[in-house]
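Each chain, letter by letter, is given below.
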Amino acid sequence: MAFSEPDSATMIDATQCEASDPPARRVCILGATGSIGRSTMEVVAHLRKVDPEYRWQVWAASGHRNLDTLAEVALSADPVPRRLVASCAQTHARVSGNGESPLARFSGEILAGPDALVRVATDPEIDVLVAAIVGRAGLESTLAAVQEGKRVALANKETLVVAGPIVRQAAQKSGAELLPVDSEHSALFQCLGDRPDDVEKLILTASGGPFRDWSTEQMRQASVQSALNHPTWDMGAKITIDSATMMNKALEIIEARWLFDVPAETIEVVVHPQSIVHSLVEFRDHSVISQWSPPDMRLPIQYALTYPRRLPGVAKRWNRQQPCQLDMLPADRERFPALDLGFEVARVGGTAGAVVNAANEVAVGLFLDGQIRFTDIVKSCHQVLQHHQFDASPTLADLVQIDQWARRETLRFADGL
């Protein structure tokens, strides 16, 4: 995957700026109502103040069902985005006719339906796509932007979990820049520098989630409320549950395997409760380089937008005047079997990632609805993976089909628990 400076010559908006103005840098945020999307809005507003090279603006943004929030977020931007996408067409139809909805105050273009995500992601006006849709739903739009050769700030790890080889091949063909937004992968990318051939290990850190010190039996009895009580990060429900099971780390293992094109054996996980060291790279001479910062997603978002430049940041600064304790603990793969699942999927590739991701999305939903126990989430994923018909070289159509099968199979398995 190419990592190069943007060609500013292609970014000038002749209809909106004088010859002396800096070129526009137009951002599309898919998943603008989530925590990553909102943080990206803050980062873009900040960059408008501190970046003399570009005129940053959010050109387009999407939401799914929470369209009032999407409108509120969009209307708070300066300038207001030109386009909004309501990926759930049914919700758009209900909300758009409501004169009291904030959506009614939006004067730009509104597109509806999942196909609109692809349309806006490939819009020639867009310079950077922030792929922040949670789950497999972000795959097609992210892949389409990669195929168009755009810079993609990737927060949707499921794109690589489900279709890593396809995305890598598309990026190599188009010259797209795939820059990580996950704090761990951004840290790895920053630590790697220009020495990827000298790497011995890529070491992902994990907070351990709310159940870091819980026994398996305690986790078996865990409530939804306790699982959503993350000690460090403020995230959406699905990602927070993934942190509690450590399935998020399993997915990050798979993401790292494809993002950095390394075998699964190169990747390790350590538990770091303070969430200050976001990842580490060990080189062949046994030197270890790490990236530190307070837990604030605005830092990796800004780095993905401005790479390779570093500009004055909006993220929190590490306070070196306060005492700081940093713990690094071995990951307990017996209490958190999701990790073994992640390494297995990273090792075999093929359809395995699509199956585990789909099973996990369904199982997390069932747990949040009170239909299965917390420990049944990973159990369901393992069971469905073991029973699927593995294909080492699937097409995108094959992956979509196996995704649907895995969702049905997870529901069927859960019925028997």
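Everything below is about the structure shown above.
Residues numbered from 1 in each chain as written. Predicted model: local features only at pLDDT ≥ 70, side-chain atom pairs only at ≥ 80, totals over all residues. Heavy atoms only, no water.

J.: Please provide a residue-by-residue account of the overall build of the protein chain, values included.
T.: Of the regular secondary structure elements, the protein chain holds 16 helices and twelve strands. The C-alpha radius of gyration computed for the protein chain amounts to 21 Å, which stays within 12% of the reference 22 Å derived for 417 residues, consistent with globular compactness. With the C-alpha coordinates aligned to their principal axes, the bounding extent of the protein chain is approximately 65 × 55 × 45 Å. The burial tally for the protein chain puts 56% of its 417 residues in the buried class. (Helix = DSSP H or I, 4+ residues; strand = E, 2+ residues; numbered from the N terminus. Rg over C-alpha atoms; globule rule 2.2 N^0.38 Å. Buried < 20%, exposed > 50% of the residue type's maximum accessible area, 1.4 Å probe, protein only.)

J.: I'd love a proper account of the environment of leucine 417, names of residues and values included.
T.: The residue leucine 417 is located in the segment after helix H16 (396–415) in this model. Once the C-alpha coordinates of leucine 417 and arginine 25 are considered, the two residues, 392 residues apart in sequence, prove to be 51 Å apart.

J.: Can you lay out the sheet that holds strand E9 (residues 267–271) for me, pointing to particular residues and giving the numbers?
T.: Judged by pairing direction, the sheet is mixed, and its five strands sit side by side in the order E11-E10-E8-E9-E12 without closing on themselves. Edge positions in the sheet fall to strand E11 (288–292) and strand E12 (329–330), since each has one partner strand and no second. Across the sheet, helix H7 (residues 183–192) touches strand E8 (199–206), strand E10 (277–283) and E11, and the angle it forms with E10 is around 40 degrees. (Pairing = 2+ DSSP bridges. Contact = heavy atoms within 4.5 Å. Axes fitted to C-alpha atoms, helices over the stretch in contact; angles between N-to-C directions.)

J.: Please set out the layout of surface pockets residue by residue, giving values where relevant.
T.: The space that makes up the second largest pocket amounts to roughly 440 Å³. Contributing elements (two or more residues each) for the lining of the second largest pocket: E11 and helix H12 (298–306). Classifying every residue of the lining of the second largest pocket by side-chain character gives seven nonpolar, six polar and five charged. (1 Å grid on protein atoms, 1.4 Å probe; cavity = no way out; pocket = protein on both sides within 12 Å on 5 of 7 lines; lining within 4 Å. Points joined across faces, edges and corners; volume = space filled by probe spheres on them. Nonpolar A, V, L, I, M, F, W, Y, C, P; charged D, E, K, R; others polar.)

J.: Explain the pattern of salt bridges to me, using residue names and the numbers behind them.
T.: In this structure the tally under the stated criterion is 27 salt bridges. Note that glutamate 177 and arginine 151 form a salt bridge whose closest N and O atoms lie 2.8 Å from each other. With glutamate 177 in strand E7 (residues 177–180) and arginine 151 in strand E6 (residues 151–154), the pair connects residues that are 26 residues apart, well separated along the chain. Where lysine 238 meets aspartate 242, a salt bridge forms, and the shortest distance between an N and an O atom there is 2.6 Å. On the criterion of helical spacing, the pair formed by lysine 238 and aspartate 242 is a turn pair, its members being four residues apart in helix H10 (residues 237–245). (Salt bridge = Lys/Arg side-chain N within 4 Å of Asp/Glu carboxyl O.)

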